[in-house]
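Listed below are the residues making up each chain.
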Amino acid sequence: MFPELIDTRPLRRAVDDGLNWVVRNWGGELEAAAYPLLMFLNWIERLLLATPWWLIVAILVGLAFLATRNWKLPVVVLVALVFMGIMELWRDAMVTTALMLAATLTAIVISIPIGVWMSRSMRVRQIVTPVLDLMQTMPSFVYLIPAVMIFGPGKIPALLATIVYASPPLMRLTDLGLRNVDPAVMEASRAFGDTPTQRLFGVQVPLALPTILAGVNQTTMMALAMVVIASMIGAGGLGYQVLQGIGRLEVSRGLFAGLGIVVLAIVFDRITQAYGKRLQERFGLGEVR
Amino acid sequence: MDTNGTTADLAITMRGVTKIFGPAPETALALLTKGKSKTEVQAETNHVVGLDDVSLDIERGQIFVVMGLSGSGKSTLIRHVNRLIDPTAGKIVVNGEDVLSMSLDQLRTFRRTSIAMVFQKFGLLPHRSVLSNVAYGLEIRGVGKAERLERAAHWVEVVGLSGYERSRPRQLSGGQQQRVGLARALAMDTDILLMDEAFSALDPLIRSGMQEQLIELQSSLNKTILFITHDFDEALKIGNRIAVLKDGAVQQVGKPEEIVLNPANAHIEEFVRDVNKARAIHVRTIMEKGAFEPCEHTVPMDARCEDVLPWFAEHQWVGVTNADGGQIGRVSARQVIRALAKYSPDVADPV
Ligand SMILES: Nc1ncnc2c1ncn2[C@@H]1O[C@H](COP(=O)(O)OP(=O)(O)OP(=O)(O)O)[C@@H](O)[C@H]1O
Ligand SMILES: [Mg+2]
């Protein structure tokens, strides 16, 4: 056994007391700060639930067609969504989609600027990268506990946990994409006397867009991967059905809800990937000359 | 040539410009000034010498060609002129302004208005059409959309890419992309043009056409062109003056025929050996000057040896006339042959 060098109990107690102190003194403020996020999530959820099912199917099938310009993907999307409806999973699927969309959109707003910042400063990258590693490897239950303590069980901690879990790949890929922009193009732009802003929005971001989109795709997938865990603290949706299936030993309920999550993953993954591929083809990146 | 480096009729002056690539250039610079060679410095300090004490004077309205083999530092040199690279030591003056003391803002204005560049690696924006690529420099400068697209369309036509306006760069061949880069620089209409191997991706026919266009452009608009090439024939054809670069150091600067007739060292002699000297040498540089009796046939003073050769079949002497048509000298077959034979391999110096 490893020898007990110091007594760690005071340390543990300090951490617990510190958190309790935060909850007691700042709980209200933090909750108020997170309130807009909740509003945002609820708004998306209401919107999705109020939209007729056929319109949502039509939009997703249309997006799939626009992204690929052939009928294979739209047919897959159509069949997948109809399956979801027939299995009586539509409502839960919309709740889950709302959580995924809210988390992904928030992650985009936060991660892309941080990715840009990382790409510009070695120092920032050195500081942020280990934090990202931590965010990705730390089991999400660990930060669910303080989140639930602060916000109480419900959608806010679920959303925050999903954002924390889903953001890192987008930050990494934004940084990578921006740093990998062809230096010859950057130099040409510089030679014409561009400002840093002109270079960022006129050259770097457009050229890094396929990589950034790959990041958005991964963020979407990771957000979907969180739904079961998120439903444990009150997010509802397909994840909740899976939990119930486990709790009641109803294999069918868990299985179909699980398949519903798979269907959502396939639909969003294929559509975002197809857009990335289209962009890449337009630029002729990765093409050998 | 003047040496203080700030005379008004000089477009570009470089004085003792040295560039060393690496994390601690000062130590390598000390070795270099002690007289060590590029290879020695590289072996000892792991620093690459890009330029070694380069001093050049480029007069306004000249096509100045920098010639050298791959890795000799040509691209490094041209990048110093608009300060895409900061030198380790030395001074660079463009249009009478010290480029190295410019603030970022001044530098930006300078790049937008005074100098345009064509890149060896094209540097086109892959997400934009040919037309908007050509308009890019003007867009950066802040020219309105209608005007910049109109000007861009004009230059797209001049470089022979009409019909490709809507294409993306990746849909074009290498030579076509090169011409997009060329049009993008020309559309800026700056007094100084920097051209890094601007023609090397072109096929011989288009290349020859572009060379003539460049000479024409230079003389009609009086532009100063710094032209980089690894092709000695091209240098001879378009250059008013040529600098030969090796290992980052200038080996010789002079008019084309000065270099052909008097190569400064064995390295340059190697270039000269394979070159079409009849094209390089102007007859006026080898003629007997003076008022001789008028010759039956005359050529203008910018004629080259290859232009007079056919006439020696029937004439012993061919006259050389100035712009007004007055004869200023004459040349014989013997003189031409002597000039051509000089420094040719396996021929003893006949002089
Ligand atoms: N950014 C850099 N970092 C380190 N070394 C460099 C850098 N740029 C150029 N060099 C070195 O400087 C030397 C000159 O390179 P440069 O690109 O100027 O050659 P060049 O004459 O343009 O050759 P080419 O005809 O092949 O284009 C080379 O030895 C090269 O390795
Ligand atoms: Mg080069």
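Residue positions are counted from 1 within each chain, in the order its sequence is given. Each chain gets a letter, beginning with A, and each ligand a number, beginning with 1, in the order they are written. Per-residue local features of the predicted model are confined to residues with pLDDT of at least 70, and side-chain atom pairs are confined, for both listing and counting, to 80 or more; whole-chain, interface and lining totals are unaffected and use all residues. Neither water nor hydrogens contribute to the side-chain values; these are computed over all heavy atoms in the structure.

Q: Tell me what's going on with the interface of chain A and chain B, and back it up with residues and numbers.
A: We call two residues in contact when some of their heavy atoms are within 4.5 Å. Of the residues lining the interface, 23 residues belong to chain A; the matching set on chain B comes to 26 residues. Here chain A packs against chain B, burying approximately 2,200 Å² in sum over the two surfaces, 57% of which is carbon and sulfur. Should a side-chain nitrogen of Lys or Arg be within 4 Å of a carboxyl oxygen of Asp or Glu, the pair is scored as a salt bridge. In this structure, the connection of chain A to chain B is made through one salt bridge. Arg79(B) is the salt-bridge partner of Glu187(A), the closest N and O atoms lying 2.4 Å from each other. Whenever a nitrogen or oxygen atom comes within 3.5 Å of another N or O atom, the pair is scored as a polar contact, on the condition that within protein one atom can donate a hydrogen and the other can accept it, and that pairs from neighbouring residues in sequence are kept only if both atoms are in side chains. Between the two partners, chain A and chain B, sit eight residue pairs in polar contact (both at pLDDT 80 or more). In terms of residue count, the dominant contributor to the side of chain A that touches chain B is helix α8 (residues 183-191) of chain A (seven residues). In this classification, Asp, Glu, Lys and Arg are treated as charged, Ala, Val, Leu, Ile, Met, Phe, Trp, Tyr, Cys and Pro as nonpolar, and every other residue, Gly included, as polar. Here the residues of the side of chain A that touches chain B are counted per class, giving 10 nonpolar, six polar and seven charged. The term buried area denotes the loss of accessible surface (1.4 Å probe radius) that occurs when two parts are joined, taken as the sum for both partners. Runs of H or I in DSSP of at least four residues are treated as helices and runs of E of at least two as strands, each being numbered from the N terminus.

Q: Let's hear about the packing of aromatic side chains: which residues, and what values?
A: Any two rings among Phe, Tyr and Trp, with Trp reduced to its six-membered ring, count as a pair given centres within 6.5 Å; such a pair is stacked if its planes are under 30 degrees apart, edge-to-face if over 60, and tilted if neither. In this structure the tally under the stated criterion is three aromatic pairs over all chains. Judged by centre distance (4.8 Å) and plane angle (25°), the ring pair of Phe65(A) and Trp71(A) falls under stacked. Geometrically, the ring pair formed by Phe199(B) and Phe227(B) is tilted, given 5.2 Å between the ring centres and 55° between the ring planes. On the criterion of sequence distance, the pair formed by Phe199(B) in the loop between β7 (192-196) and α9 (204-221) and Phe227(B) in strand β8 (residues 224-229) is long-range, its members being 28 residues apart. Any residue under 20% of the maximum accessible area for its type is buried, any over 50% is exposed, and the rest in between are partly exposed; the area is computed with a 1.4 Å probe on protein chains only. On the basis of relative accessibility, which here comes to 1%, the residue Phe199(B) falls in the buried class. Our definition puts a charge over a ring when NZ of Lys or CZ of Arg is within 6 Å of the ring centre and also within 35 degrees of the ring normal. Over the aromatic face of Phe292(B) sits the side chain of Arg330(B), whose NZ or CZ is 4.0 Å from the ring centroid. The lysine or arginine in question, Arg330(B), covers the ring of Trp317(B), its NZ or CZ lying 3.6 Å from the ring centre.

Q: I'd like a description of the site of ligand 1, backed by residues and values.
A: Residue and element names in this part refer to chain B. Any residue with at least one heavy atom within 4 Å of a molecule or strand is counted as near it. In the vicinity of ligand 1 lie 13 residues, with Ser 70, Lys 74, Ser 75, Thr 76 and Gln 120 positioned nearest. Interatomic distance of 2.8 Å between a side-chain N/O atom of Gln 120 and an oxygen atom of ligand 1. Glu 197 places a polar side-chain atom, nitrogen or oxygen, 3.1 Å from an oxygen atom of ligand 1. Coverage of ligand 1 by the protein amounts to 63% of the 630 Å² it exposes when considered alone. Of all the elements, helix α3 (residues 74-81) adds the most residues to the shell around ligand 1, at three residues. Tallied by class, residues from the shell around ligand 1 come to three nonpolar, seven polar and three charged. To measure how exposed things are, a 1.4 Å probe is used in the Shrake-Rupley method; for residues, cover is taken only from the protein chains shown.

Q: Tell me about the sheet that holds strand β2 (residues 48-59) of chain B, and name the residues and values.
A: Residues and elements named next belong to chain B. The pairing criterion for strands is at least two bridges between them, as found by DSSP. Ordered by their spatial adjacency, four strands build an open sheet running β2-β1-β4-β5, and the pairing between neighbours is antiparallel. Among the strands making up the open sheet, the edge pair consists of β2 and β5 (97-98). Two elements, strand β4 (residues 89-94) and β5, share two bridges in a ladder whose sense is antiparallel. What sits directly across from Val 93, in β5, is Asp 98. Fitted lines through C-alpha atoms serve as axes, helices being fitted only where they are in contact, and the angles separating the N-to-C directions of these axes extend from 0 to 180 degrees. On top of the sheet, α3 reaches β1 (10-21), β2 and β4; it is set at about 125° to β1, its chief contact.

Q: Explain the environment of Gly325(B) to me, and be specific about the residues and the numbers.
A: Residues and elements named next belong to chain B. As for its position among the elements, Gly 325 is in the loop between β13 (317-321) and β14 (327-332). In this structure Gly 325 comes out as partly exposed when scored by relative accessible area, which is 49%. Each C-alpha atom, one on Gly 325 and one on Met 301, is 9.4 Å from the other, the two residues being 24 residues apart in sequence.

Q: Give a description of the pairing of β4(B) that names residues and reports values.
A: Residue and element names in this part refer to chain B. Of the strand pairs in this sheet, β1 and β4 are connected by five bridges, and their pairing is antiparallel. For Thr 18, the partnering residue across the bridge sits in β4 and is Ala 89. What sits between the antiparallel neighbours β4 and β5 is a turn of two residues, in which Asn 95 has the positive phi angle 55°.

Q: Residues and numbers for the packing of helix α9 (residues 196-225) of chain A against helix α12 (residues 251-283) of chain A, please.
A: All names here are of chain A. Running from N to C, α9 and α12 cross one another at 175°; their axes reach a closest spacing of 9 Å. Classified by the angle their axes make, α9 and α12 are roughly antiparallel. Contact residues: α9 offers Pro 206, Leu 207, Leu 209, Pro 210, Leu 213, Asn 217, Thr 220, Met 221 and Leu 224, while α12 offers Ile 261, Leu 264, Ala 265, Phe 268, Asp 269, Thr 272, Gln 273, Tyr 275, Gly 276, Leu 279, Gln 280 and Phe 283. Its residues placed into classes, the contact of α9 with α12 shows 14 nonpolar, six polar and one charged. Roughly parallel refers to an angle under 35 degrees, roughly antiparallel to one over 145, roughly perpendicular to one between 65 and 115, and oblique to any angle outside these ranges.

Q: Now, about the coordination of the magnesium ion (ligand 2): what can you tell me, with residues and values included?
A: Within the protein, the atoms that donate to the magnesium ion (ligand 2) are Ser75(B) (OG) and Gln120(B) (OE1), at distances of 1.9 to 2.2 Å. Note that Ser75(B) is positioned in helix α3 and Gln120(B) in the loop between β6 (115-118) and α5 (130-134), a separation of 45 residues in sequence. Donor selection uses N, O and S atoms within 2.8 Å of the metal (3.2 Å for Na, K and Ca). Since no water is included, sites may look incomplete.

Q: Hey, could you go over the sheet that holds strand β11 (residues 288-289) of chain B for me, with residue numbers and the actual values?
A: Residues and elements named next belong to chain B. Taken together, four strands build an open sheet; the order of strands is β11-β14-β13-β12 and the sheet is mixed. This sheet does not close on itself; its edge strands, each paired only once, are β11 and β12 (298-300). Alignment of β11 against β14, held across two bridges, turns out to be antiparallel. Paired with Lys 289 across the two strands is Gly 329, which belongs to β14. Helix α15 (residues 333-341) contacts β11, β13 and β14 of the sheet and is inclined by roughly 70° relative to β14.

Q: Could you give an account of the packing of helix α4 (residues 90-120) of chain A against α9(A), naming the residues involved and the relevant values?
A: Residue and element names in this part refer to chain A. Between α4 and α9, whose axes approach to 9 Å, the crossing angle comes to 140°. Put simply, α4 runs oblique to α9. Here the hand of the crossing between α4 and α9 comes out right-handed. Along its contact with α4, which presents Thr 96, Met 100, Ala 103, Thr 104, Ala 107, Ile 108, Ile 112, Val 116 and Arg 120, the element α9 presents Pro 196, Leu 200, Gln 204, Ile 212, Val 216, Thr 219, Thr 220, Ala 223 and Leu 224. Its residues placed into classes, the contact of α4 with α9 shows 12 nonpolar, five polar and one charged. Should the near helix be turned anticlockwise from the far one by less than a right angle, the crossing is left-handed, and should it be turned clockwise, the crossing is right-handed.

Q: Tell me about the domain arrangement of chain B, residues and numbers included.
A: Residue and element names in this part refer to chain B. Per the annotation, domain bounds derive from an automatic or database assignment of domains. If you check the domain split of chain B, you get domain 1 (60-79 + 102-277) and domain 2 (279-343). Counting from both sides, the interface comprises 11 residues of domain 1 and, opposite them, 12 residues of domain 2. Counting the surface domain 1 buries against domain 2, the share from its top three residues, Glu 257, Leu 261 and Lys 277, is 54%. Summed over the shared surface of domain 1 and domain 2, the number is zero salt bridges. Scanning the region where domain 1 abuts domain 2 turns up one residue pair in polar contact (both at pLDDT 80 or more). Ranked by the residues each element gives to the side of domain 1 that touches domain 2, the list is headed by helix α11 (residues 256-261), at four residues.

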